[in-house]
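Coordinate analysis (summary)
For reference, the chains in residue letters:
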Amino acid sequence: MQNPETGTAVLSVADAPELSEGRKLLRRFLGQKAFTLGFGLLALFIAIALLAPLLAPHDPYGQDLTARNVPPFWYAKGDWVHPLGTDPLGRDYLSRLIYGARISLLIGICVVIISGVVGTTMGVLAGYFGGRIDMAMTFLVTTRLSMPVILVALAVVAIIGSSLWIVILVLGLLKWDRFAVVMRSATQQVRSLDYVAAAQAAGASTTRIILGEVLPNIAPHLIVVATLEAASAILLEAALSFLGLGVQPPLPSWGLMISEAKVHMFFSFWQIALPGSALALLIFAINLAGDGLRDAISPEGRN
Amino acid sequence: MLGFILKRLGLALLVALAVSAIAFFLLRLTGDVAVAIAGEGARQADIELIRKTYGLDRPVVIQYLDWLWKTLNGDLGTSIYFKTNVAPLIIDKLPVTLILGLSSLALALAISIPLGVLAAIYANSWIDRVALAIAVVGQALPNFFFALILVMLFSITLRWLPVSGSQTWQHYVMPTIALGYYAAPAFMRLIRAGMIEVLSADYVRTARAKGLPAHKIIFKHALRNAVVPVVALAAVQLGFLLGGSVVIETIFALDGLGYLAYQSITYKDFPVMQAVVLLLSVVYVLLTLLADIANAWLDPRIRVA
């Protein structure tokens, strides 16, 4: 560290296999058709969400009572003014579906940020310090896992009232368990490695070791858990909204759209099938991408 | 073994106590219960009266200890909406949810054991890929959407099954499929991974070398060992299924604990809400306790750790 020349020399030696390893990893990513498909689909959903105002043919909240329950274009009564038809209030279904992608992705990302910060903090502290802190964390995780997420979320939302941000906050504060468990074991593995011992010997502070040595090395696991947890958060929001205790009308949440269409599912099942398929496709994409990432990180776990 | 059980039992008790505190305080601290019970447009005097009637004017800790003591004695209070005792109400609904949970678990195992075994024996073949596809789709389809597809198919188009209710066994068919399908992928992955590991183990190779027929090796030697972790997962999954029953029972108006939970939540029926959250959580604590003990019994290596 003192001598910049030795420092560079050491770095370059260590870097050479690192780089090729990274390239191998990338090739393994792209070599996997499933991962490519999942990631491509996910990128498509993100693009749709970002470009919603440009892509949506109509205002997702604009009602037109003269054009209610218009079926999609493949039905005889359908037309191209509303390619995917309209809902019972005459709102353009395609536009609502496009804006719905924003809600699902927002939920997935924000919930994972909250639960990721909570869970990673707990997991890293427990894994690094062990002992009593570890026991306390194990107890907290066991307690949290004993309570069904959906039931607790429903109860809390019913009491404090429901809105998009409350749903995000409640789910974020409930779903940290997997982050804590995975980050704990990842930290346990990393902390016994030579470079942590080296940093300790060099007199680095604990904060610095955790932020500078441990976190960057467990980051790949963090990303995998974040992906899979985002999918689960999106499904939970959809279920809450479906039960009427999640995102509130007139927001175009896919779960809420299914709930609104349920009453007359006998006549227009497509109003359920479209948001349902959008949800399934998004979850499918995230899961494929997440599984692919996991396999790439831990080749031994591929079977 | 006894030491392990005692240690595990202690943890379970502590967790159950923590769960009871959370079930109680979560509902108290997130809002004024009296205001919520009184509903919109209630006068201040009404709210005060409700506070007195339900003992909400006492310190929260006293209320919790009082509630805990009564709960331990089987007194779960009076339902605000149903106007009856909560305990008999819950006991009344419990069988429906138990039947649903167990039949879903049975269905999940019936799908996943054969598929998992086949996927392991013919790893990387088309059977493996079909099994994987079922697992991937199962994890992606939202369960309420899947349930509505089943209703559309079996009730509306084919007219084979009733849409909602819980009077006959036919009422359980669709909820069981909708719920059980979601538990299957986890089992399938576990069984496939376990079988692949076991099939390459020395004792299986020995059995092969002895010339034992393939079916005997697979069922008598391999599956028996691959199935050990499934026991633990089954207990955990049953807990998840009980939680998932909230959504599924509500869709099919299946009159069990899950539907009761949903009703109590929409009617802000706090005593029922608390009781259901507590009961489902304690059942989960018990299931994981049993799973850990069963695992330790099946695999002595765990007892030491």
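Read on for a plain summary of the structure. (Residues numbered from 1 in each chain as written. Chains lettered and ligands numbered in written order. Predicted model: local features only at pLDDT ≥ 70, side-chain atom pairs only at ≥ 80, totals over all residues. Heavy atoms only, no water.)

Overview of the interface of chain A and chain B
Each partner contributes residues to the interface: chain A has 40 residues there, and chain B has 44 residues. Interface area for chain A against chain B, summed over the two sides, is near 3,600 Å², with a carbon-plus-sulfur share of 83%. Inspection of the chain A/chain B interface yields one salt bridge. Among the ionic pairs, aspartate 291 of chain A bridges to arginine 189 of chain B, the shortest N-O distance being 3.3 Å. At the boundary of chain A and chain B, one finds three residue pairs in polar contact (both at pLDDT 80 or more). When contributions to the side of chain A that touches chain B are tallied by element, the ones reaching two or more residues are α5 (131-146), α6 (149-160), α10 (206-242), α11 (254-262) and α12 (270-297) of chain A. The leading source of residues in the side of chain A that touches chain B is α12 of chain A, at 11 residues. In terms of residue class, the side of chain A that touches chain B is made up of 29 nonpolar, eight polar and three charged. (Contact = heavy atoms within 4.5 Å. Buried area = accessible area lost by both parts, 1.4 Å probe. Salt bridge = Lys/Arg side-chain N within 4 Å of Asp/Glu carboxyl O. Polar contact = N/O pair within 3.5 Å; in protein donor to acceptor, adjacent residues only side chain to side chain. Helix = DSSP H or I, 4+ residues; strand = E, 2+ residues; numbered from the N terminus. Nonpolar A, V, L, I, M, F, W, Y, C, P; charged D, E, K, R; others polar.)

Observations regarding the nonpolar core
Judged by nonpolar contacts, the single largest core of 150 residues is most densely connected at Trp254 of chain A together with Phe144, Met195 and Val276 of chain B. Top element by residues in this core is helix α13 (residues 270-298) of chain B. It accounts for 13 residues. Ignoring sequence-local partners within four residues, the contact set of phenylalanine 144 of chain B consists of Ala238, Ala239, Phe242, Gly255, Ile258 and Leu279 of chain A together with Val247 and Ile251 of chain B. Counting 11 residues, the second-largest nonpolar core is a separate cluster that includes Tyr128, Ala186, Val190 and Val196 of chain A. (Core = buried A, V, L, I, M, F, W, Y, C linked by side-chain atoms within 4.5 Å. Buried < 20%, exposed > 50% of the residue type's maximum accessible area, 1.4 Å probe, protein only.)

Remarks on the packing of aromatic side chains
Inspection of the entire model under this criterion finds 21 aromatic pairs over all chains. Between phenylalanine 146 of chain B and tyrosine 182 of chain B the ring centres are 6.2 Å apart and the planes differ by 75°, which places this aromatic pair in the edge-to-face class. Linking phenylalanine 146 of chain B in helix α7 (residues 143-157) with tyrosine 182 of chain B in helix α8 (residues 170-199), this pair joins segments that are 36 residues apart in sequence. A residue is classified by how much of its surface remains accessible, and phenylalanine 146 of chain B, at 13% relative accessible area, is buried. By relative accessible area, which is 23% here, tyrosine 182 of chain B ends up partly exposed. Each residue in the set Phe73, Trp74, Tyr75 and Trp80 of chain A is aromatic and connected to the rest through ring pairs, giving one cluster. Above the plane of the ring of tyrosine 128 of chain A lies arginine 191 of chain A, whose end atom (NZ or CZ) is 4.7 Å from the centre. (Phe/Tyr/Trp six-rings, centres within 6.5 Å; stacked < 30°, edge-to-face > 60°. Lys NZ or Arg CZ within 6 Å of the ring centre and 35° of its normal.)

Remarks on the packing of helix α5 (residues 86-121) of chain B against helix α6 (residues 126-140) of chain B
Residues and elements named next belong to chain B. The N-to-C vectors of α5 and α6 enclose an angle of 140°; their axes lie 8 Å apart at closest approach. One way to sum up the angle between α5 and α6 is to call them oblique. Of the two elements, α5 crosses α6, and the hand of that crossing is left-handed. Within the contact between the two elements, α5 uses Leu115, Leu118 and Ala119 and α6 uses Ile127, Asp128, Ala131 and Ile134. (Axes fitted to C-alpha atoms, helices over the stretch in contact; angles between N-to-C directions. Parallel < 35°, antiparallel > 145°, perpendicular 65-115°, else oblique. Left-handed = near helix turned anticlockwise from the far one by under 90°.)

A few points about the side chain of arginine 144 of chain A
Residue and element names in this part refer to chain A. Counting through the fold element by element, arginine 144 comes out in helix α5. The exposure class of arginine 144 is buried, given its relative accessible area of 10%. Side chain to side chain, arginine 144 and aspartate 177 meet in a polar contact 3.2 Å long.

Side note on helix α4 (residues 60-72) of chain B
All names here are of chain B. Spanning 13 residues, α4 covers 18 Å between terminal C-alpha atoms, matching the ideal 18 Å at 1.5 Å per step. Those residues of α4 not exposed but buried are Gln63, Tyr64, Trp67, Leu68 and Thr71. For α4, the arc enclosing every buried residue in end-on projection is 130°, short of the 170-degree limit, so these residues lie on one face. Away from the buried face of α4 by more than 90 degrees, exposed residues Val61, Trp69 and Leu72 are located. Directly after α4, the chain includes glycine 74, whose backbone phi takes a positive value near 85°. (Expected span 1.5 Å × (residues − 1). Arc of directions from axis to C-beta.)

Quick look at helix α4 (residues 93-129) of chain A
Residue and element names in this part refer to chain A. Taking 1.5 Å as the rise per residue, α4 with 37 residues should run 54 Å; its terminal C-alpha atoms sit 53 Å apart, in good agreement. Along α4, 26 of the 37 residues are buried, which leaves the element largely enclosed by surrounding structure. The positive-phi residue at the C-terminal boundary of α4 is glycine 130, with phi of around 65°.

Concerning the environment of isoleucine 251 of chain B
With respect to the element layout, isoleucine 251 of chain B can be found in helix α11 (residues 228-252). Measuring from C-alpha to C-alpha, the distance between isoleucine 251 of chain B and leucine 148 of chain B comes to 8.1 Å, with 103 residues separating the pair along the chain. The contact partners of isoleucine 251 of chain B, leaving out residues within four places of it in the chain, are Phe242 of chain A together with Phe144, Ala147 and Leu148 of chain B.

Some points on the pattern of salt bridges
Using the criterion set out here, one finds 15 salt bridges over all chains in the structure. In this structure, aspartate 66 of chain B and arginine 58 of chain B form a salt bridge, with 3.4 Å as the shortest nitrogen-oxygen distance. By relative accessible area, which is 24% here, aspartate 66 of chain B ends up partly exposed. A salt bridge links aspartate 202 of chain B to arginine 205 of chain B; the shortest N-O distance between them is 3.4 Å. In this pair, aspartate 202 of chain B and arginine 205 of chain B are both assigned in helix α9 (residues 202-209), three residues apart and thus about one turn of the helix distant. Residue class for aspartate 202 of chain B comes out exposed when judged on its relative accessible area of 53%. Classification of arginine 205 of chain B as exposed rests on a relative accessible area of 52%. The network of salt bridges with shared partners includes Asp87, Arg91, Arg96 and Glu260 of chain A.

Things to note about the packing of α11 of chain B against α13 of chain B
Residue and element names in this part refer to chain B. Two numbers describe how α11 lies on α13: the axes approach to 9 Å, and their chain directions differ by 180°. Comparing the axis directions of α11 and α13 gives the class roughly antiparallel. Residue-level contacts link Val228, Val231, Ala232, Ala235, Val236, Leu238, Gly239, Phe240 and Leu242 of α11 to Leu280, Val283, Tyr284, Leu287, Thr288, Ala291, Ala294, Asn295 and Leu298 of α13. Of the residues contributing to the contact of α11 with α13, the split by class is 15 nonpolar, three polar and no charged.

As for unusual backbone geometry
The omega angle of the peptide bond from proline 249 of chain A to proline 250 of chain A is 10°, so this bond is cis rather than trans. Structurally, proline 250 of chain A is set in the loop between α10 and α11. Of note, lysine 268 of chain B is a non-glycine position whose phi angle comes to about 50°, a positive value. Tracing the sequence through the fold places lysine 268 of chain B in the loop between α12 (257-266) and α13.

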